[in-house]
Structures are given as C-alpha cells and as structure tokens.
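Tertiary structure, described
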Amino acid sequence: QAFSLFVKAKEVPAAARCPAGGEGVRWRCCRLAFEELSGIHRHVALQHTGDIGQQAGPAEAGQQAGLTAKQAAAEVSPSSVPAPAGNADGLNGHSRSSPEISCTLPDTSHVSYDDLTSKVGEVLLYYCYCEVKDPEKLCAWQKALCQHLHLTGKVRVASEGINGTVGGSKVATNLYIEVMLSQPLFKDILCQEDFKSSAGGAHCFPDLRVGVFKEIVPMGIDPKIVSYKETGIHLSPQEFHREVEQYLSQASQGQSDTILLDCRNFYESKIGRFQGCLAPDIRKFSYFPSYVDENLELFKDKRVLMYCTGGIRCERGSAYLRSKAACREVYQLKGGIHKYLEEFPDGFYRGKLFVFDDRYAICSNEDIISACRYCGTLWDQYKLCSSQHCRQLVLTCPSCRNKGLTACCPVCQEKELKVTSRASGQTLKEECECTRKRPRVPIEHVSQRTLDAGKD
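Below you will find a few notes about this structure. Fair warning: this is a prediction, and the values are worked out from it, not measured in the lab. Each residue is numbered by its place in its chain's sequence as written, counting from 1. This being a predicted model, a pLDDT of at least 70 is required before a residue's local features are given, and a value of 80 or more before pairs of side-chain atoms are given or counted; all residues contribute to the totals for chains, interfaces and linings. Heavy atoms from the whole structure form the basis of all side-chain values; hydrogens and water molecules are not counted.

Quick word on the packing of helix H6 (residues 135-148) against helix H7 (residues 170-182)
- Note on method: axes are straight lines fitted to C-alpha atoms, helices fitted across the in-contact stretch only, with angles between N-to-C directions ranging 0 to 180 degrees. Secondary structure elements are defined from DSSP: runs of H or I of at least 4 residues count as helices, runs of E of at least 2 residues count as strands, and each element is numbered from the N terminus. At a minimum axis separation of 11 Å, H6 and H7 run at an interaxial angle of 155°. By the angle class used here, H6 and H7 are roughly antiparallel. Considering the relative orientation of H6 and H7, their crossing is right-handed. The segment H6 lies against H7, with Trp-141, Gln-142, Leu-145 and Cys-146 engaging Tyr-176, Val-179 and Met-180. What sets the label is the angle itself: under 35 degrees gives roughly parallel, over 145 gives roughly antiparallel, 65 to 115 gives roughly perpendicular, and the rest give oblique. Crossing chirality is assigned from the near helix's rotation relative to the far helix, an anticlockwise turn below a right angle marking it left-handed and a clockwise turn marking it right-handed. Contacts are assigned to residue pairs with any non-hydrogen atoms lying within 4.5 Å of each other.

And the structure:
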C-alpha cells in the first residue's frame, strides 16, 4: 500500500499532460519523467525503498522492502535472462566483501533530447570482474540506466562481474562511464582506461539486451572451477609490442620458444590478426578449453602470449591454460587488440578488428588479409549468409554478390533458391557445408607450426 501511495503521489495532473491527445509524461520523480507504469515502478523500487519505509510502519516497511526488490528484479524480462546466475568469488585478485549496489541514475535535465539521442556517437566495450552478491539487482539497474540514456547493446551480468558493449551518443556514453566509475561495486577495480571506444552509436545494435548469466564470457566452465583470479600475467600494449617484436625476430631464425596465441574465433582472426600468430580454427570460445586439451603437447614448456578483442576472453582462457601446468609462462595483452591499436595502429596487428555488432569490423590500417569466398579477390567485409536457415558470416565481394552469390556455401546457396517452398516466416538453423567440414576442435601439428613460425 505504501508503495502504491508513493507512486500515486508522483502522478502528473491530467491537465498538465500532453495537450495533443497522447498520454505523454504521466509521472515525475527526482527530476525524471516517466511515460509508462513499469518505468516509475522500477525507479521507485530502486531509489526510494527508504522513503517508503519511513511512510509505513515497521512491519510493513520490512515487507515493502522485499516487495520493491522483487519489483526491481522483475523489470528484467524473462526473455532477456537466458540462464540462471551462478556464483563466483573474488575480484581481480583482491579480496573484500561486496559493497552495496547503488541504483542511482544520472541527471539528464541539463541535456537536450537531441544531444542525448544523437546518431553520431560511439560504442563502448568494457568488463569488470568483481564479486556481485545480487546479480539480479545489478541487472535491473543496468537495464534502467541504459534505457535512461537511450543506449543499445548487450550487457552480461553474473556473480563474477559484468561484461558490456553499448552504443549511443557521445553525451550518453560519457554519462554512462561517469556513473559506472561512481558505482561502489566497481570502486578501485574499474577505471577510465578499462573502457574501449570506437566510432558508432545506438544504431550499431538492433536493441538492448541485459541479462544474468553463469559467466560474463561464455567459456562453458564453472567460474568456481577455473577462476579469473588464476589469470596470466598482464602486459601493457607497449610491453606486448616488444614481446611480439622479439618473438618474430627469434621465430624467423627458428629459435623461438614462444607461441603467439589468438584466442578468438576463426571468423575473427580471418580478417585481422597479429603476424606470426597461432589462430585456432574454432567457432566458439566455449571450444577453447577442448582445443587446449587436444593440443596440450603444443604448449608444453612454451611461453605463451595471448590476445583477444578487449581482454576478457584472455582472463579465463589464460587461467584455463595455466591450470594445465604445461606452459612455462602465460602472458596476456591487457585491454586486448582494441587498446593495442590505440597505441600501435600500424604495429604488428594487420587487417580489421572484428566486433560483435552491426558494423562487424573496425579498421586502423589499410591491410586486407582475407579474400572473397567465391572469386578470391581481397575482401574483408562480412555479410550474413543469405539463407534464412543459416547464420554464418560470409565474405563475398560486390561483383559476386551482384551475380547472386550471397550464401556461405553451395549447400546454403541451394537452400536459398528453394526457400519459397517453405512455410512463410519459418526459420531453421541447420548445419551447412561450412560447419560440417570444420572439425569442432582442430588438432595442430607441431612440426608444421614450427615451419610456419613467424610468417604472416
């Protein structure tokens, strides 16, 4: 009852609403405007539990506190929470109790709507490993925060931390970073340089997806079994650059005891990678542990330099590699390729950097290292396979696309021709020639690897 009365008190009088006949703003609170009941409910549940408690009696206050917490968690739709939350301990090697989650939303009253929703903006990429005792609450706050700032993208929350990539106007992303850095949960862990940015905006994602998962990066192994706290040694972009330079020099003379390991998926390394790297032909990061297991002899007594897009896959990947006690040393690129390219746009990384949004790739140099699937012309701009039964990415140049060659393989090309015989709107994810021919976990040949060391 106290909750309902509080919400009722925030209603905008009917006479003051939109005069054009629409509902418009129906509630105002904390200098924020709300058009939907779910919005004001979420705000009150996250921000005003204490105020409601003062209005209610002691017994009702306790009951109301539980109710508002449930309402806040309920604001995350079931469809955006694909998996139950797991449990993990610790935060980036530090040990401390998890602080309370602040659910504050930034004041945007000084920002015009046009500036807040401008299509000229950027995409942020970040992650933070820390102990999260209430992932559902953090998830609800993240969803409210992103909606408040008109951000799109994907945010994964788990008891081991948070991993996000969001797009919006420059004003919105700056406010997002500011609020994230002021969040007590991330204090002394997350810093300004942990946010990687690139030109883009809200249009780079089809929508906003925020959910609670078992892991903030899907490796498929319980975080309690392989923890990020057992990660490899972090190298700054400058240190990593020097290591790669030394590795390439030694490898060209056949003297290297180092493996430069790309722990991304094959379609990522196909369009851009470090010179002389070992790029596993795997389709998902969840295959990486099996790849390590099947090729353990390759890593025996080696120094391993690992890298990925933004650094998060290396956190768990290096921990898994170290758990096998085969490598002599394991290092990883802090901030990933993203940070490396900021300092060395013309360094040892050649080609495009694959990103998981509608841009597919961003570039820092003019090199094209991949080719059209059909004619072999240099080409590195991905498109989705045109067959509705497949979600593979395909490299097909404009000339081939104009000839109707828009599928990832002949099997899908044939299916595309027969698609009209299917029921309208029916989409099936089927195995195609691309996935059938690729082994789930490739086995590397050490002798061949030695011969190829140092090559582009």
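Describing the nonpolar core
- Here, nonpolar core means buried Ala, Val, Leu, Ile, Met, Phe, Trp, Tyr and Cys residues that are tied together by side-chain atoms lying within 4.5 Å of each other. Buried residues are those whose accessible area, probed at 1.4 Å on protein chains only, stays under 20% of the maximum for their type, while exposed residues exceed 50% and partly exposed ones sit between those limits. If you look at the biggest cluster of nonpolar residues, it comprises 46 residues, and the most contacted ones within it are Tyr-176, Met-180 and Phe-186.
- For the domain bounds, the source is a domain assignment made automatically or taken from a database. Among the domains, domain 1 (1-15 + 23-54) and domain 2 (119-212) are the pair contributing at least three residues each to this core.
- Setting aside chain neighbours within four positions, we find Phe-186 in contact with Cys-128, Cys-130, Leu-138, Ile-162 and Met-180.
- Core analysis: the next-biggest nonpolar cluster, separate from the first, contains 32 residues, Val-217, Met-219, Cys-308 and Val-330 among them.

Observations regarding the pairing of strand S11 (residues 303-307)
- A large share of S11 lies buried, amounting to 5 of its 5 residues.
- The alternating pattern of S11 places Arg-303, Leu-305 and Tyr-307 and Val-304 and Met-306 on opposite faces, both of which are buried.
- Across 5 bridges, the pairing between strand S9 (residues 258-262) and S11 is parallel. The residue bridging Asp-262 from the neighbouring strand is Tyr-307, located in S11.
- Two elements, S11 and strand S12 (residues 329-333), share 4 bridges in a ladder whose sense is parallel. Bridging from a neighbouring strand, Met-306 pairs with Gln-332 of S12.
- With its strands directed away from the observer, a crossover is right-handed exactly when the path from the first strand over the helix to the second travels clockwise. For the segment spanning S11, helix H12 (residues 312-323) and S12, crossover handedness is right-handed. Here, a strand pair is defined by DSSP locating no fewer than two bridges between the strands.

Topic: the sheet that holds strand S5 (residues 161-169)
- If you trace the 5 strands from one edge of the open sheet to the other, you get S6-S3-S5-S4-S7, paired in mixed fashion. Two strands close off the open sheet at either side, each with one partner strand: strand S6 (196-200) and strand S7 (208-212). Strand-to-strand twist in this sheet, taken as the mean axis angle between neighbours without regard to direction, amounts to 10°.
- With 5 bridges joining them, strand S3 (residues 121-129) and S6 adopt antiparallel strand pairing.

Let's talk about unusual backbone geometry
- At His-150, a residue that is not glycine, the phi angle is positive and equals roughly 60°.
- Along the polypeptide, His-150 turns up in the loop between H6 and strand S4 (152-158).
- One non-glycine residue with positive phi stands out, namely Ala-325, at about 55°.
- Looking at where Ala-325 falls in the secondary structure, it is placed in the loop between H12 and S12.

Side note on the packing of helix H8 (residues 237-251) against helix H13 (residues 336-343)
- Contact geometry of H8 with H13 gives a least axis separation of 9 Å together with a crossing angle of 90°. It follows that H8 is roughly perpendicular to H13 by the angle criterion. Between H8 and H13, the residues in contact are Pro-237, Gln-238 and His-241 and Lys-339, Tyr-340 and Glu-343, respectively.
- Nonpolar residues are Ala, Val, Leu, Ile, Met, Phe, Trp, Tyr, Cys and Pro. Charged residues are Asp, Glu, Lys and Arg, and all others, Gly as well, are polar. Looking at the contact of H8 with H13 residue by residue, the classes come out as 2 nonpolar, 2 polar and 2 charged.

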